Structures are given as structure tokens and as C-alpha cells.
Amino acid sequence: MRNFQNIIGHEQNIQHLEKAIETGQVSHAYIFNGEDGIGKMTTAKAFAKALLCEGKDSCGECQSCKQIDSNNHPDVIYVTHEKAGITVDDIRNQVNHTVSVKPYSSDYKIYIIDEADKMNVAAQNALLKTIEEPPAYALIILLADNKDAFLETICSRCVILNFGPVSENQVKDYIHSKYGNDNPREDLAVSYSMGNIGKAIRVMESDEFHEIKDQCMNMLDHIMEWNVHEIILYLKQIDQYREKIYEFFNILSIYYRDILLLKVTGLPNKIVFKEQAALMKRQSIYLSFEGIDTIIKEIEKAKVRLDANVNFDVALELLLFVIKENGTKW
């Protein structure tokens, strides 16, 4: 069968879904849990294609498969949201008020809710009513970075599939098949991805990723010399990447974990950002274990502040001053 043939890794989850299809025991609700870019959406679309394909084999040629490939299938609904979180109105308008309408052309009506862990409590309770008593044709797939954000009543009524990192060899094989051998970005893509195909793709394809990385490394190289005015100027530069700020945070976290690894092992071949090995080694002399831990925790706090709608500049300024305060001028 061609179902799921383009999915990299996640063999156990795929076996579960294939068996459910073969035995006709498809659940009415699933939680696909794992970090962004790990393959949840790709698997959800493959699952939908397997269920709705006219030939029951993800043929890629029938009208149903083509509609799913173009995100234009009338029986596959992608629940969207405009605000930072998913509200009760989003769920009511896009799920509850439409689920009673039978599928247009298929046996299933499939709702895919990306970033489902951003549903507030009211939205989850609204969705719970549909999950508890769904029409026989309804299938709801919740894609989440953190299943712990769901109410227990939601989790207990869903099949939970956890998506972890794939192997380094699988990432390399994917890069070779898509981008060829000897691509100059390959080494960084493999190490930065940490088994996340989505991250590997960003490193291989996104010039913006490399711009953000360079901005980040420039800051880390000079922040100990900067005064308050220079830090404020840097904040204005990084503001252009506001929509990608979590990538900036991720780069920062990995950088300081690299320094920690250097302090413990002294082996630069084990770090992600090998081009910055000399800078990291120099900084590792002056950064204490406690200081590194404080910075990494502050990066996580910055994410929490932005999720709580704290002013962007304030959240970033607090982080940069913690980075500066926990180092010593070299």
C-alpha cells in the first residue's frame, strides 16, 4: 500500500494508523503530539488521503487525492485562528456548527486542528461536546506541541500518538534524496534538526533562517561590549524577525547548550554550531555552569512572556540583559 509512503520515520504511529484503516477501527478523535516540524501535519494529511482515496490506496491520481494535495478537499477542514490562541468562537464556527453537515463526497468528514494546544479552556469544552457525541462520519485530529495543555477530559477521549525525533541517518537520507550530496548546508541541517525533518528543511531552504542565525551570532559575539544604547539598537534590528522569534530563541538555546557541552567534554565535533566553536570555547571559560543554566531558563521565560502577550521589546530586552549580566567580558 502507498499510504504513508512519504512519511520519514514514525514507524510505530504509521503501523497503528494502517491497522486502524485495515480493520475499520478508525477512532473519532486523535491527538498527534510532538514539536513543530516533526511531521504531524504531513502524517495527518497522509491519513486523510488514505481514508478518502477513491482507490483506498493513496493513489495520488484520483480527484480526492489531488484535492487533498492542493488543500482543497471539501471534506478535509483545516481549523484556523487569527488570535494568539484558539477561541471558543473558532471551535463553534468551524467545527460545532458544521459537523452536522454530512460529507460532500466521502465516507469521512475530517477536521485537522493545528496548534490545538492553543485552545483556551472554553474552546476545549466546546470541542468536548462534539468529541463526546460525534456523527459516525466525523474524525477530528488535534495537532499539538504539548498534549499536557489539554483538559484530561479531552485526552481521555482521544487516541494519543506521540511523534519523536527520527534518526540522524533518516535525516541525512532525506536531505540527499531531496537536495543531493555535498550540499554546504547539510551538516548544519542534520545537527540543528535533532531529528526534526521540518527544521532540517528550514536550514536547507530558508535564507531567512541563516539571516536570523547570523544576527544571533553577531549579538553573542559582541553583547559583552555593548552598552544599553547599543542593546536597544540591536532590538530594533531583530524586530524585523518578530514573526520568527521562536527560531531566534531556539538558536540561542542550542548555542548555550553547545557551550555547556564544550565545558563538559571539550569536544567541538559534538556541537551544533561548529563554525562558532572558537567563540564558544572562549566564552566557556568565563561562563559558569550556573550562568549558562540561568540564560537557558531565561530564554524559556521569554517564550512564556510572549505567549502571555508581554510587550515584544520588553521580553527581548530582559533576555539580552540576563545574557550580558551572566557573562564576563573576555
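Please read these numbers as outputs of a predicted model, since none were measured by experiment. (Residues numbered from 1 in each chain as written. Predicted model: local features only at pLDDT ≥ 70, side-chain atom pairs only at ≥ 80, totals over all residues. Heavy atoms only, no water.)

A. Layout of the overall build of the chain. Assigned secondary structure in the chain consists of 15 helices and five strands. Across its three principal axes, the chain shows a C-alpha extent of roughly 65 × 45 × 30 Å. Of all 330 residues assigned to the chain, the portion counted as buried reaches 48%. Across the chain, every contact between residues at least 6 apart in sequence was considered, and the portion connecting residues at least 24 apart equals 70%. Carbon and sulfur atoms make up 47% of the accessible area of the chain, which amounts to about 16600 Å² in all. Taking the 36 positively charged and 48 negatively charged side chains of the chain as two groups, their mean positions are separated by 2 Å. (Helix = DSSP H or I, 4+ residues; strand = E, 2+ residues; numbered from the N terminus. Buried < 20%, exposed > 50% of the residue type's maximum accessible area, 1.4 Å probe, protein only. Contact = heavy atoms within 4.5 Å. Areas by Shrake-Rupley, 256 points an atom, 1.4 Å probe, with all protein chains shown as cover. Lys, Arg positive; Asp, Glu negative; His and termini not counted. Charge placed at Lys NZ, Arg CZ, Asp CG, Glu CD.)

B. Seen up close, the state of the cysteines. Inspection of the entire model under this criterion finds zero disulfides. Looking at the unpaired C62, the closest cysteine sulfur is the one in C65, lying at 3.6 Å. Owing to a relative accessible area of 9%, C62 belongs among the buried residues under this scheme. (Disulfide = S-S within 2.5 Å.)

C. Inspection of the nonpolar core at higher detail. The biggest cluster of nonpolar side chains holds 56 residues, and the ones touching the most others in it are M219, F248, L252, Y256 and F273. Looking at this core, the element that brings in the most residues is helix α12 (residues 245–265), giving 10 residues. Those residues in contact with L252 that lie beyond four places of it in its chain are C216, M219, L220, I299, L319 and I323. (Core = buried A, V, L, I, M, F, W, Y, C linked by side-chain atoms within 4.5 Å.)

D. Focus on unusual backbone geometry. Positive phi outside glycine occurs at N71, with the angle close to 55 degrees. Along the chain, N71 falls in the loop between α3 (63–69) and β2 (76–79). For M194, which is not glycine, the phi torsion reads 50 degrees and is therefore positive. Note that M194 resides in the loop between α8 (186–193) and α9 (197–205).

E. Quick peek at the packing of helix α10 (residues 207–222) against α12. α12 packs onto α10 with a crossing angle of 50 degrees between their chain directions and a minimal axis gap of 10 Å. Comparing their axes, α12 and α10 come out oblique. For the element pair α10 and α12, the recorded crossing hand is right-handed. Only E247, F248, I251, L252, Y255 and Y256 of α12 make contact with α10, whose side of the interface consists of F209, I212, K213, C216, M217, M219 and L220. Looking at the contact of α10 with α12 residue by residue, the classes come out as 11 nonpolar, no polar and two charged. (Axes fitted to C-alpha atoms, helices over the stretch in contact; angles between N-to-C directions. Parallel < 35°, antiparallel > 145°, perpendicular 65-115°, else oblique. Left-handed = near helix turned anticlockwise from the far one by under 90°. Nonpolar A, V, L, I, M, F, W, Y, C, P; charged D, E, K, R; others polar.)

F. Quick look at a nonpolar patch on the surface. Together, V310, V314 and L318 line one region of the surface with nonpolar side chains, adding up to about 210 Å² of accessible area. With respect to the helices and strands, the residue V310 is situated in the loop between α14 (289–307) and α15 (312–325). The exposure class of V310 is partly exposed, given its relative accessible area of 33%. (Patch = residues over 30% accessible without salt bridge, like charges linked within 9 Å, V, L, I, M, F, W, Y side chains within 5 Å. Salt bridge = Lys/Arg side-chain N within 4 Å of Asp/Glu carboxyl O.)

G. Local environment of the packing of aromatic side chains. What the rule picks out here adds up to 10 aromatic pairs. A ring pair is formed by F32 and F163, whose centres lie 5.2 Å apart and whose planes are at 40 degrees; its orientation type is tilted. Highlighted residues: F32 in strand β1 (residues 29–33) and F163 in the loop between β5 (159–162) and α7 (168–179), separated in sequence by 131 residues. What makes F163 buried here is its relative accessible area of 5%. Ring centres 5.8 Å apart and planes at 85 degrees place the aromatic pair Y246 and F249 in the edge-to-face group. Placement of the pair is Y246 and F249 together in helix α12, with a separation of three residues, close to one helical turn. Under the relative-accessibility criterion, Y246 is labelled partly exposed at 37%. One aromatic cluster is present, formed by F4, Y30, F32, F47 and F163 through successive ring pairs. Seen from the ring of F312, R242 lies directly overhead, with NZ or CZ sitting 4.2 Å from the centre. (Phe/Tyr/Trp six-rings, centres within 6.5 Å; stacked < 30°, edge-to-face > 60°. Lys NZ or Arg CZ within 6 Å of the ring centre and 35° of its normal.)

H. Looking closely at α8. Counting buried residues along α8, seven of its eight residues qualify, which places the element largely inside the surrounding structure. When we look at burial in α8, the residues that qualify are E186, L188, A189, V190, S191, Y192 and S193. Turning to α8, the residues buried within the fold contact α7, α9, α10 and α12. Within two residues after α8, M194 carries a phi angle of roughly 50 degrees, on the positive side.

I. A look at the pairing of β2. In the sheet, β2 pairs with strand β3 (residues 109–113) via four bridges, with the strands oriented parallel. The partner of V76 across the bridge, within β3, is I110. With respect to chirality, the unit in which β2 leads through helix α4 (residues 88–96) into the neighbouring parallel β3 is right-handed. (Pairing = 2+ DSSP bridges. Right-handed = clockwise from strand over helix to strand, strands pointing away.)

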